[in-house]
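Residues per chain are reported as follows:
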Amino acid sequence: MEILRTILLILHFVGLASLLGGFLVQVKAIGAGRGTVVPAMVHGALTQLVTGLLLVATIQMGDLDELNNAKIAVKLVIAAVITVLVFVYRKKAPAPSWALWSIGALTVANIAVAVAWR
Ligand code: HEM
C-alpha cells in the first residue's frame, strides 16, 4: 500500500506540474487577450482529480494515517471548479481572461491548502 501511495503522490505532482505549467505558459497570451485553455491544463486537472481520490482511498485502506476530511473536501471542491472551467472553455479561443486567471489562482490555492493546512 505504501508503494502505491508513493506512486500516486508522484503522479499527483505530475498532474500539478501539467495544470500549473499549462497556465504559466499562457500568462503572456492572457495579458494580450489571446489566452486559451491548453490540453496540459485539461489533462492536469483530470490527473489531480483521479490521483487525489485514489490517494484518499489508498490512505484509508492503509489505515495508518488519519485524513483531514475538511481539507480533502475543500481540495475536492476547488479541483472540481478547475475541472469545470477547463472543460467549459477548452474549445473557446480566446478563453475569457477571468476563467484562465481563476484556473491559475485556484491551482495555487489548492497547493496552499495541501501544504499549509495540517
Ligand atoms: C488542483 C488540484 C490539486 C492540487 C494542486 C493538489 C496539490 C497537492 C500537493 C502539493 C500535495 C502534497 C502535499 C504534501 O505532501 O505535503 C497533495 C497531496 C495530497 N492531495 Fe492533492 N492536490 C489537488 C487535488 C486533490 C484532490 C481533488 C484530492 C482528493 C479529493 C487530493 C488529495 C490529496 C491527498 C490525500 C494528499 C496527501 C498524500 C499523502 O500524504 O500521501 N488532492 N496535493
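By the naming in an unreviewed UniProt entry, the chain goes by Integral membrane protein and is assigned to Agromyces albus.

S.K.: Outline the overall build of the chain, listing residues and values.
M.R.: Across its full length, the chain holds five helices and zero strands. Helices and strands in the chain line up, N terminus first, as α-α-α-α-α. Here the C-alpha atoms of the chain give a radius of gyration of 15 Å, agreeing with the 13 Å that 2.2 N^0.38 yields for 118 residues. Once the C-alpha set of the chain is aligned to its principal axes, its extents read approximately 50 × 25 × 20 Å. Buried positions account for 35% of the 118 residues belonging to the chain. Excluding contacts between residues fewer than 6 apart, the proportion of contacts in the chain whose partners are at least 24 apart in sequence is 75%. Split by element, the accessible area of the chain, about 6900 Å² in all, is 72% carbon and sulfur.

S.K.: Account for the coordination of the iron atom of the ligand, naming residues and giving values.
M.R.: Within the first shell, the iron atom of the ligand binds the protein through H12 (NE2) and K75 (NZ), at distances of 1.8 to 2.1 Å. For the iron atom of the ligand, the six donor atoms in the first shell make angles of 83 to 178 degrees at the metal, so the coordination geometry reads as octahedral. Linking H12 in helix α1 (residues 2–24) with K75 in helix α4 (residues 69–89), this pair joins segments that are 63 residues apart in sequence.

S.K.: Help me get a handle on α1, residues and values and all.
M.R.: Given 3.6 residues per helical turn, the α-helix brings residues three or four places apart onto the same face. With 23 residues, α1 should cover 33 Å at 1.5 Å per step; its first-to-last C-alpha distance of 33 Å lies within 8% of that length. All of the buried residues along α1 are L8, H12, G15, L16, L19, G22 and F23. Buried residues along α1 sit against α2 (27–31), α3 (39–62), α4 and α5 (97–116).

S.K.: I'd love a proper account of the nonpolar core, names of residues and values included.
M.R.: Grouped together as the largest cluster of nonpolar side chains are 17 residues, with contacts concentrated most on V37, M41, I82, V86 and I103. Counting residues per element, the ones that place at least two in this core are α1, α3, α4 and α5. Setting aside residues up to four positions removed in sequence, I82 forms contacts with L19, A45, I103, L106 and T107.

S.K.: Tell me what's going on with the site of the ligand, and back it up with residues and numbers.
M.R.: The ligand sits among 22 residues. The nearest are R5, H12, Q48, K75 and N110. Residue R5 places a side-chain N or O atom 2.6 Å away from an oxygen atom belonging to the ligand. In the environment of the ligand, a nitrogen atom lies 2.8 Å from a nitrogen or oxygen atom belonging to the side chain of H12. Breaking the shell around the ligand down by element, the ones donating at least two residues are α1, α3, α4 and α5. Of the residues belonging to the shell around the ligand, the class tally is 14 nonpolar, five polar and three charged.

S.K.: Describe the packing of α3 against α4, with residues and values.
M.R.: The interhelical angle for the contact between α3 and α4, taken along N-to-C directions, is 155 degrees, at an axis separation of 9 Å. Comparing the axis directions of α3 and α4 gives the class roughly antiparallel. Seen from above, α3 lies across α4 with left-handed handedness. Residue-level contacts link M41, V42, A45, L46, L49, L53 and V56 of α3 to I72, L76, A79, I82, T83, V86 and F87 of α4.

Each value, and the rule that gives it
Residues numbered from 1 in each chain as written. Predicted model: local features only at pLDDT ≥ 70, side-chain atom pairs only at ≥ 80, totals over all residues. Heavy atoms only, no water. Helix = DSSP H or I, 4+ residues; strand = E, 2+ residues; numbered from the N terminus. Rg over C-alpha atoms; globule rule 2.2 N^0.38 Å. Buried < 20%, exposed > 50% of the residue type's maximum accessible area, 1.4 Å probe, protein only. Contact = heavy atoms within 4.5 Å. Areas by Shrake-Rupley, 256 points an atom, 1.4 Å probe, with all protein chains shown as cover. Donors = N, O, S within 2.8 Å, 3.2 Å for Na, K, Ca; no water. Tetrahedral: all angles 85-135°; square planar, octahedral: opposite > 155°, others 65-115°. Expected span 1.5 Å × (residues − 1). Core = buried A, V, L, I, M, F, W, Y, C linked by side-chain atoms within 4.5 Å. Near = heavy atom within 4 Å. Polar contact = N/O pair within 3.5 Å; in protein donor to acceptor, adjacent residues only side chain to side chain. Nonpolar A, V, L, I, M, F, W, Y, C, P; charged D, E, K, R; others polar. Axes fitted to C-alpha atoms, helices over the stretch in contact; angles between N-to-C directions. Parallel < 35°, antiparallel > 145°, perpendicular 65-115°, else oblique. Left-handed = near helix turned anticlockwise from the far one by under 90°.

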